[in-house]
Amino acid sequence: MSKVFLADEAVNLIADNAVIAVNSSSGLCCPDAILKALGERYEREKHPKNLTSINPIAAGDMFGSPGTEHIAKLGMLTKIIGGSFISGPTSAAPPKIWEMITSNKLAAYNVPSGIIFDMLREGSARRPGVFTKIGLETFVDPRLEGCAMNEKAKQNPIVRLENFEEEEWLFFNSLVPNVSIIRGSISDERGNISFEQEGAYLGAIEMALAARNNGGLVIAQVREVKPNGTIKPHDVHVPGIFVDIVVEAPDMLQTTSTPYDAAISGEEVRALDSFKTQEFGVGKVIARRIARELKRNWVVNIGFGISANVPRILLEEGCHGDVTWVIEQGAVGGIPLLDFKFGCSANAEAFVTSPHQFSYFQAAGFDASLLSFLEVARDGSVNVSRLSATPHRTAGAGGFVDITSRARKIIFSGSFNVGSKVRIDSGQLIIEKEGKIAKFVDEVDQVSFSGARASRQNQDIMYVTERCVIRLIDGQLTLTEVAPGINVEGDILQRANTEILVSPDLKEMEPALFIDKKINLDLKS
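Residues numbered from 1 in each chain as written. Predicted model: local features only at pLDDT ≥ 70, side-chain atom pairs only at ≥ 80, totals over all residues. Heavy atoms only, no water.

**A word on the environment of Val179**
Alright, step 1. Examined against the element boundaries, Val179 turns out to sit in strand E9 (residues 179-183).
Alright, step 2. The spacing of Val179 and Ser91 is 88 residues in sequence and 35 Å in space, taken between C-alpha atoms. (Helix = DSSP H or I, 4+ residues; strand = E, 2+ residues; numbered from the N terminus.)

Structure (structure tokens):
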């Protein structure tokens, strides 16, 4: 019997109360045609109802691939377990899924992306669950929030604290999906799936195994179905023995707002001079200062935000290739893309699955991580996952907790406060209007990263802003560098809502960072 179905036919096989796992990262690998058909079926029939959705990374975006938005309907979706969630600009209306979360219309859990992949992998092997130290002393820890995003989630905890061999561990039960929905590029008639036009694998094979090994259904969306024998064995990432149904969707976007870019999938090499470098300004100053911390031959993880521009600094300075960039979606090397295409890299050297990438991150196999902050606490803790006033501006924690729990060196970056207006004039930083909301505070709204735990683990932690550099030294925020033109007392210490110590070796930030010409970057081994 043919495995090729129409999307409407495929979703008719999804029953009420099903647990569905969706392989996606925003628009990247998003099986949007299947999710759309699923939502449309519910509108017609009010079935399937009471679904649980598992999303290790956000499924869909606000720019052409609605993803989870198709099924964010009262009565249809009653629980969501997500590493991250659809996010977008403050000016945009909140996504429906966020309205459901904040109004307590479904139980919502923000579980670190890597742990969700671990839970699925344990489910595929019929093992009971995951013991991990990832997330201890953060919002993941049941002594704080236990991953619960609202009151409904608090009623049914997803994580518990256990003592094993005289050490504290977090324990998560395995996840067993009834249906896994994945996406690839090409399928043959037997359901062998290749990914040659995708910018990542994410966790496709892990999700397929989790459903298949537990008697579930695997539905794969592809751009094209070809005759048997046309896909080479080494090009098959998900074999047909794991796939029940194939849905052809020839018009699917490759990733966010992108119909197709062969450099994202590694089918073509994009010329280096075609990448736009960052315009001069305070964001570039921060990215340059971060770049000064790196060493040749390092493997460096980067996250969304200011730090995503650091690879462009190295490119502009003639240092491209001195550092290998790694991102949670699975790309190794190349140049990570910016804004809402972040998660893709052009000219990648390799793609690994997200679960393997997270294993690499969780054990700190890499050299450094460059990440953003929303708030920083007195003990160095960071909030990056919750912005109570406009929750859809943040995507949740994603892989942040997996990455930071053991990372040897972390450079957090962001503006010093919210709402300030600053400019650079003749190598001096000028504050034209001071911000009204402090980012350095006694306690953060949500602990995404524990400064106290980092201090005990001897992690190297620093915070780079436009007006200063702060390091976590002996558990204390310590000012070590100040921008030219900035007054330590009036522009930094009095503008923070917590204590910041001043290093006896305080120095001025490198003047070259504040001048609109190359800084002669030379990474040392």
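**Quick notes on the sheet that holds strand E24 (residues 382-383)**
Alright, step 1. Spatially, the 3 strands line up as an open sheet ordered E24-E23-E30, and their pairing is mixed. Among the strands making up the open sheet, the edge pair consists of E24 and strand E30 (440-441). (Pairing = 2+ DSSP bridges.)

**Some thoughts on the side chain of Asn55**
Alright, step 1. Mapped onto the secondary structure, Asn55 falls in strand E3 (residues 51-55).
Alright, step 2. Here Asn55 is in contact with Val22, Thr68, Ile80, Ile81, Gly82, Gly83, Ser84 and Ile116, once residues within four sequence places are set aside. (Contact = heavy atoms within 4.5 Å.)

**Considering empty space enclosed by the protein**
Alright, step 1. Scanning the model with the defined rule gives 3 cavities of 30 Å³ or more in all.
Alright, step 2. Considered as a void within the structure, the largest cavity measures approximately 70 Å³ in volume.
Alright, step 3. Around the largest cavity, the lining residues are Gly135, Leu136, Thr138, Thr404, Ser405, Ser448, Phe449, Ser450, Arg453, Ala454 and Gln459.
Alright, step 4. Counted by class, the lining of the largest cavity contains 3 nonpolar, 7 polar and 1 charged residues.
Alright, step 5. Roughly 50 Å³ of internal volume is contained in the second largest cavity.
Alright, step 6. Around the second largest cavity, the lining residues are Asn55, Ala58, Ala59, Thr68, Ile80, Gly82, Ser84, Phe85, Ile86 and Ile97.
Alright, step 7. Tallied by class, the residues present in the lining of the second largest cavity amount to 6 nonpolar, 4 polar and no charged. (1 Å grid on protein atoms, 1.4 Å probe; cavity = no way out; pocket = protein on both sides within 12 Å on 5 of 7 lines; lining within 4 Å. Points joined across faces, edges and corners; volume = space filled by probe spheres on them. Nonpolar A, V, L, I, M, F, W, Y, C, P; charged D, E, K, R; others polar.)

**Quick look at the sheet that holds E9**
Strand pairing in a sheet relies on backbone hydrogen bonds. The paired strands run either parallel or antiparallel.
Alright, step 1. Spatially, the 8 strands line up as an open sheet ordered E1-E15-E12-E9-E2-E3-E4-E5, and their pairing is parallel. Across the chains shown, the open sheet's two edge strands, defined by having one partner strand only, are strand E1 (4-5) and strand E5 (107-110).
Alright, step 2. When E1 meets strand E15 (residues 245-248), the two strands line up parallel, connected through 2 bridges. Within E15, the residue paired with Phe5 across the bridge is Val247.
Alright, step 3. Across the sheet, helix H2 (residues 32-45) touches strand E2 (19-22), E3, E9, strand E12 (217-222) and E15, and the angle it forms with E12 is around 120°. (Axes fitted to C-alpha atoms, helices over the stretch in contact; angles between N-to-C directions.)

**Points about the nonpolar core**
Alright, step 1. The biggest cluster of nonpolar side chains holds 81 residues, and the ones touching the most others in it are Leu294, Leu314, Phe412, Phe440 and Tyr463.
Alright, step 2. Residue contributions to this core peak at 5 residues, all from helix H7 (residues 282-291).
Alright, step 3. Tyr463 has contacts with Val376, Gly380, Val382, Phe412, Phe440, Cys468, Val469, Ile470, Arg471, Leu472 and Leu477, leaving out every residue within four places of it along the chain.
Alright, step 4. Among the nonpolar cores identified, the runner-up in size contains 42 residues, and Phe139, Ala153, Val243 and Val401 belong to it. (Core = buried A, V, L, I, M, F, W, Y, C linked by side-chain atoms within 4.5 Å. Buried < 20%, exposed > 50% of the residue type's maximum accessible area, 1.4 Å probe, protein only.)

**Things to note about the layout of surface pockets**
Alright, step 1. Approximately 290 Å³ is the volume attributed to the second largest pocket.
Alright, step 2. The wall of the second largest pocket is formed by 19 residues, among which Trp98, Ile101, Met149, Arg386 and Pro391 lie closest to the centre.
Alright, step 3. Per element, the largest residue contribution to the lining of the second largest pocket is 3 residues, and it comes from helix H3 (residues 96-102).
Alright, step 4. Here the residues of the lining of the second largest pocket are counted per class, giving 8 nonpolar, 9 polar and 2 charged.

**Thoughts on the packing of aromatic side chains**
Alright, step 1. Applying the stated criterion across every chain yields a total of 16 aromatic pairs.
Alright, step 2. Measuring from ring centre to ring centre gives 4.9 Å for Phe131 and Phe171, while their planes differ by 50°; the resulting arrangement is tilted. One end of the pair, Phe131, is in strand E6 (residues 129-132); the other, Phe171, is in strand E8 (residues 167-173), with 40 residues separating them in the sequence.
Alright, step 3. The exposure class assigned to Phe171 is buried, which follows from its relative accessible area of 7%.
Alright, step 4. Taking the centre distance of 6.1 Å and the plane angle of 75° together, the rings of Phe304 and Phe342 count as edge-to-face. Placement of Phe304 in the loop between strand E16 (299-302) and helix H8 (310-316) and of Phe342 in the loop between strand E19 (335-336) and strand E20 (345-346) is noted, with a sequence separation of 38 residues between them.
Alright, step 5. Taking the relative accessible area as the measure of exposure, Phe342 reaches 17% and is therefore buried.
Alright, step 6. One aromatic cluster is present, built from ring pairs that chain together Phe373, Phe400, Phe412, Phe416, Phe440, Phe449 and Tyr463. (Phe/Tyr/Trp six-rings, centres within 6.5 Å; stacked < 30°, edge-to-face > 60°.)

**Looking at a nonpolar patch on the surface**
Alright, step 1. Taken together, the side chains of Phe63, Phe304 and Phe340 present a nonpolar region at the surface, about 260 Å² in accessible area.
Alright, step 2. According to the relative accessible area criterion, Phe304 is partly exposed, its value standing at 45%. (Patch = residues over 30% accessible without salt bridge, like charges linked within 9 Å, V, L, I, M, F, W, Y side chains within 5 Å. Areas by Shrake-Rupley, 256 points an atom, 1.4 Å probe, with all protein chains shown as cover. Salt bridge = Lys/Arg side-chain N within 4 Å of Asp/Glu carboxyl O.)

**Digging into the environment of Asp32**
Alright, step 1. Tracing the backbone shows Asp32 in helix H2.
Alright, step 2. Owing to a relative accessible area of 15%, Asp32 belongs among the buried residues under this scheme.
Alright, step 3. Taking the C-alpha atoms as reference, Asp32 lies 8.5 Å from Ala59; in sequence the two are 27 residues apart.
Alright, step 4. If we skip the residues at most four places from it in the chain, Asp32 touches Ser65, Pro66, Gly67, His70 and Gln221.
Alright, step 5. For Asp32, the side chain forms a polar contact with the main-chain nitrogen of Gly67, separated by 2.7 Å. (Polar contact = N/O pair within 3.5 Å; in protein donor to acceptor, adjacent residues only side chain to side chain.)

**Digging into the packing of helix H4 (residues 113-124) against helix H9 (residues 354-362)**
Alright, step 1. H9 packs onto H4 with a crossing angle of 120° between their chain directions and a minimal axis gap of 9 Å. Classed by the angle they form, the pair H4 and H9 counts as oblique. You can see that H4 and H9 cross each other, and the crossing is left-handed. Counted together, Ser113, Gly114, Ile115, Phe117, Asp118 and Arg121 of H4 and Ser354, Pro355, Phe358, Ser359 and Gln362 of H9 form the full contact between these two elements. (Parallel < 35°, antiparallel > 145°, perpendicular 65-115°, else oblique. Left-handed = near helix turned anticlockwise from the far one by under 90°.)

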